[in-house]
Each structure stands twice: as structure tokens, then as C-alpha cells.
Amino acid sequence: MKHTYREIFKWGDRRETELEKGILNLIKDKFDYSDAELSQKHLYGDKPVSLDKQGLLNTGALEKLRNIVGNENVYTDDFTRASHSFGKSYTDLLQLRLGSVPAPPDAVIYPRNLIEITEILEFCNNHKIAITPSGGKSTVTRGVETPEGGISLNLTWHLNKVLEVNEENSTATVQAGIFGPAFEEHLNAKGYSCGHFPQSFEHSTVGGWVAAKGAGQASTGFGKIENMVLSLKIVTPTGVITTPCYPASAQGWDLHQIFIGSEGTLGVIVEVTMKIRKYRPDNTRYASVIFKDFESAVGAMRCSMQSGIGTPHIFRISDPEETEISFKTKGFEGTIADKFLGALGYNQGRCLMLISAEGDKAYSKQLINSIKRICRKHGGFSLGAKPVLKWLEHRYSSAYLRDPLMDLGIMSDTLETAVMWDNLIPLWKKVRNFLKERPKTVVMVHISHVYENGANLYFTFLSPVNKGNEMNEYIAYHKGLVDTINSNGGSLSHHHGVGRALAPWMEEQLGKTGLDLMQAVKNHLDPRGIMNPGGTLGLKP
Ligand SMILES: Cc1cc2nc3c(=O)[nH]c(=O)nc-3n(C[C@H](O)[C@H](O)[C@H](O)COP(=O)(O)OP(=O)(O)OC[C@H]3O[C@@H](n4cnc5c(N)ncnc54)[C@H](O)[C@@H]3O)c2cc1C
């Protein structure tokens, strides 16, 4: 069987995700779809992959690369090149559905060790061949595209081992191409956990987490990736850097922080030493609370973070529309429990908060009780552990709903930002207003990464798109969305990174001098501009 475009955007999985009845009803209700429309498949992407662009590396270059990594680790076939041309943003999926791969890499290479990576970088630097490091290719900001061709350097085949678990220091050193589940299983077997669980956990690597500066779903307790990394080993075109491993230091800049968020533009992250924590799932306590409106829920969340009671791990609030849709699609709406909540005044505008607290048994119990006390003061009503446990069951799988939605011609995407507390509600309103200007658009918002000084806002939008005009409509809508966030005090990204999708706004965010500083670091480490070229992070070639 020939490999198809569909296989690429479905993470290599040939099985289909069926939409649940609740979601199908939602589509009928909000988008006026008929049964006939629900059975039609649009831009299915099931054609065999075939590229009209030959790889541009000459025989001599390919021979040299084969000598370095072995014949079996160099690929130039259409499917491998196409599957390294995109990540998982809406536009990536659309291009694949259209069978359009305008700029594939010339070759995909799977290096086996640091020495080989060093030799590849040296060779490519001498011949000015572009190199784009890739892990799980789950970027949603167009981070792994190869507009200048060259090589996609994939670390997942060989550089995927746990090198050391140091229980005394509570650290693990891993190779950057290891996927989340393999890392976590290794740690769990020793009684530890990595504490970093992005929704893309199953399909992303430690190198990608670090390079794109990600956050896991329990980041409120464990911190973002930049709070977890203690040291890195990176191969750059200028040389290899191993940052020293200390719990803290005052010897100038923490060099590893330069590479966290570098998105492949400075070099290849080969090894990472990270903090780990004890794995004690039996100690975790859960709670869910319903509020009458978003403002009260946000007030309770802020107060919890600023009261010195401790920090929960998962801490989320769904705004009214997200709460309404999750109650509708999960079959809660109309139940006796729902009517009971309605009678208590928790109906239109209500918001669901989910909480987990980990650590020592007494601590997690006390923390949950303290948060519940604060929530009560803000008008919250406790719903017990069930809603958060239900959410945990689907914590990774909801990401795969995008494919069947796109099959129906529904644009579906997310964008996230970070904002200080005093601007959170105004920004939420402004962005929602912008998104809602588009007719028949479902806009769901949640807060999922929380700090003493502010939080993130995560926007999900679903909207039927005019067939044949998908790309233009999306690009205009996305631009308006980012403009609205950017001009109203939100960051370009809280954890998805910048890539090429958000690069045009970088100078406005950082100022010219700020971006020039990043460029100067790039020019020093990668003077010929071979690392992930083509505008990532707003950097010039
Ligand atoms: C459905 C879905 C849900 C998501 N949820 C989350 C979430 O909850 N939290 C979150 O943080 N992100 C999330 N993401 C975004 C994405 O998964 C993260 O950015 C992730 O960290 C990328 O890891 P990866 O291994 O897939 O990296 P890739 O996508 O392969 O690469 C991402 C960037 O890092 C660079 N890179 C990768 N490996 C290396 C390396 N070894 N050395 C140097 N540069 C490298 C690439 O060049 C590229 O610029 C989600 C994505 C999807 C599709």
C-alpha cells in the first residue's frame, strides 16, 4: 500500500477517529450541518504522496552524508521528505490535505551520536546546506518547515535513550530525541516522574520541549520546561557547548537558557539534564469547582496563587462557552445534577475549575482543602473529583479531534498567550469579541498555566470554512487574532513557541534592540545561517 498524505497528518496512524454523538449534535446545532453534510468528506488527503520537486543535494554531498551516518540512515524518498516538511499547525494540515508540499527537505537524516552530528554540521556549514532539527514534528507554529530545503535532522530513531537517573540529585540525563511516554515509563519504573505533560506528550520529544520552550498540563506545580532544565549539550556550527550543571549559580548568564526556546536556530540539542520528582500518584488529590461566572473563577484562582497556601499542579478554568460545550458534549446537560446546579444559580455563564495537588499526602490534602475554601469565598460550589478525573482520561486524545472536524470542512485551531492578572479579563473579552465577529464560530477559552503574577489564556476556535478558500480565510483570521492579542498586552505565545507563524510580530514584542541581540547570538553561533533558516523566531538568514 502506498503511503498517503493523510497518514502524515494523522501521526502515522491509519485508524480513524470517530466523532462522538455529542460533538455531531454540536456541529448540527451551531453550524447548521445536515445529516448529508455530516457524511461528506472534504479534502481527505488520501492520495499517495508524490513530490514534483527532486532533492537538490548532489551525489557527492549525499555520499559524504551516507559515509557519516551509514547508508541506512539517509532518506531521499518522497514520503519521508514530505513527512518532514510540516508540523501540526492548521496550515500544515491543510497543505497536506491539498497534496501541496512546496518546500520539502532534500534529505532526511537520522544521526546516531554526537560525533556524527558534529560532522554533519561541519560539512553542511562548509557547503552552506540548511539543517532543520526535528523531533516529533508536533510544532504548531511552523517550526520544522524547510523553506530552503537541505536536511531535516531527525533525532528520534537513535538518540532516544535515558542516559542516567541520578536519585541523589533528583535529575535525569536523556538524549534529546526521546519521546514523552518512553521517558516517563523509564522514570516511573524507578519511582520518579518527569512532570512535563504537554497535550502532545505522546508525539513530542524532550528536545522539542526544550527547543520550543513548552509547558505541560501540570506546569502550575512543576513549572515550564525552562524551570526544569539544569544543563544541555548542544552542537552548533561554531562548536559544541555543554552547559555546567548546578542547582543555581552566579557565573554570568545561564547559558542553557539561551538555547531553551531557540527552536533549532542555534544548533542541535543532543542531551538534556532535567529535574525529576517522586512519582506518588496515590497521594494526588483532585477537586472540581463550578462558579457562576468567569470573573469569580479567575478571582479564586488568583487568590489561591497569591495566598501562600502552596501551588496546585493542574489548575484550569474553562470559560462559559467551553464549560457549556463540554457539559453538552459529555452528556451532562439536562441531567438531574445539571438541574440541581441550575436551581442553585449555576446556569448560564458558569465556569468549571479543575484542580490536582501532588506531593506528600498530608500536603496535597491540605492544599486542596485550602483552595476549596478560597473557591467557596468566591461563590464556587464543589463538584468533587469526578470532572477532573474524566478530563484526565481524555487529556491527550482530544487533540486528535481536529482531523475528523477538518474532514467536515471545519476550521479548527488554537492560539495561546500569557497575560498579567490585571489584564486577563480585558484581554479575554477583546480576543473573544474579535473571534466572535466571524459568523457561526465556536470559541472556547481556558486558563491552564497559572502563576502568582498572571496566567495563560488558551483560545480554541471552530468554524465552518468556505470550501476552496480555506487557506485565505484562515490566514486573515489568524492575523486578526494575533494582532488583537499583540496590541492588547498578551504575549505571542505562552508555550507553543514562535516558529514562522508568529515571527512577524517578534520585533514589536521585543523591540528592535532586543531582536538585534538575538540576531547577534545567532550570527555568532551560526554565522552562515544554516540552522533552521527561513525566518523562524523572526531571525534573518
Ligand atoms: C495537539 C497538540 C497539542 C499540543 N499541546 C502542547 C502543550 O500542551 N504544551 C506545549 O508546550 N506544546 C504543545 N504543543 C506544541 C508542540 O507539541 C510542542 O512545541 C513540542 O514541544 C514540540 O516537540 P517536538 O518533539 O514535536 O518538536 P518538533 O515539532 O519536531 O520541533 C519543534 C521545534 O524545535 C526544534 N527542535 C526539535 N528538536 C530539536 C533538537 N533536538 N535540537 C534543536 N532544535 C530542535 C525544531 O527545529 C522546531 O523548531 C502541542 C501540539 C499539538 C499538535
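Think of each chain on its own: its residues are numbered from 1, step by step along the sequence as written. Under the rules for a predicted model, residues below a pLDDT of 70 receive no local features and side-chain atom pairs below 80 are neither given nor counted, while totals for whole chains, interfaces and linings still include all residues. Hydrogen atoms and water are omitted, and side-chain values are computed over all heavy atoms in the structure.

Novice: For this particular structure, what's the right way to read the overall build of the protein?
Specialist: Helix numbers and strand numbers start at the N terminus; a helix is a DSSP run of H or I with at least 4 residues, a strand a run of E with at least 2. Along the backbone of the protein there are 21 helices and 18 strands. Throughout, radius of gyration means the C-alpha value; the globule benchmark is 2.2 Å times the number of residues raised to the power 0.38. For 541 residues, the compact-globule estimate of 2.2 N^0.38 gives 24 Å, and the C-alpha radius of gyration of the protein, at 23 Å, lies within 12% of that figure. Seen through its principal axes, the protein has C-alpha atoms that stretch 75 × 60 × 45 Å. In the protein, which comprises 541 residues, the proportion classed as buried is 56%. Relative accessible area decides the class of each residue, using a 1.4 Å probe on protein chains only: under 20% of the type maximum gives buried, over 50% gives exposed, and in between gives partly exposed.

Novice: Help me understand the environment of glutamine 366 in this model?
Specialist: Relative to the elements of secondary structure, glutamine 366 occurs in helix α16 (residues 361-377). Separated by 56 residues in sequence, glutamine 366 and glycine 310 have C-alpha atoms that sit 9.3 Å apart.

Novice: Just to check I follow, could you spell out the sheet that holds strand β6 (residues 171-175) for this structure?
Specialist: Here, a strand pair is defined by DSSP locating no fewer than two bridges between the strands. On the basis of which strands lie adjacent, the open sheet formed by 5 strands has the order β5-β6-β10-β8-β9 and antiparallel pairing. Edge positions in the sheet fall to β5 (162-166) and β9 (239-242), since each has one partner strand and no second. Within the sheet, the average angular offset between the axes of one strand and its neighbour, ignoring direction, is 10 degrees. When strand β8 (residues 229-236) meets strand β10 (residues 268-275), the two strands line up antiparallel, connected through 6 bridges. Bridging across to β10, isoleucine 234 finds its partner in isoleucine 269. Any two residues whose heavy atoms approach within 4.5 Å are treated as being in contact. What counts as an axis is a line fitted to C-alpha atoms, over the stretch in contact for a helix, and the angles between N-to-C directions run from 0 to 180 degrees. Where helix α7 (residues 114-127) meets the sheet, its contacts fall on β8, β9 and β10, and the angle it forms with β8 comes to roughly 45 degrees. Against the sheet, helix α8 (residues 180-189) touches β5, β6 and β10, its axis set at about 35 degrees to β5.

Novice: Whenever I open this one, helix α4 (residues 59-69) confuses me. Can you help?
Specialist: Since one α-helical turn is 3.6 residues long, residues separated by three or four positions face the same way. Buried residues of α4: Ala61, Leu62, Leu65, Ile68 and Val69, and no others. For α4, the buried positions fall inside an angular range of 120 degrees around the axis, keeping them on one side. Facing away from the buried side of α4 by more than 90 degrees, the exposed set consists of Thr59 and Asn67. In the stretch just after α4, glycine 70 is the one whose phi turns positive, near 95 degrees. This arc corresponds to the set of directions leading from the helix axis out to the C-beta atoms.

Worth remembering: the numbers are spatial, not functional.
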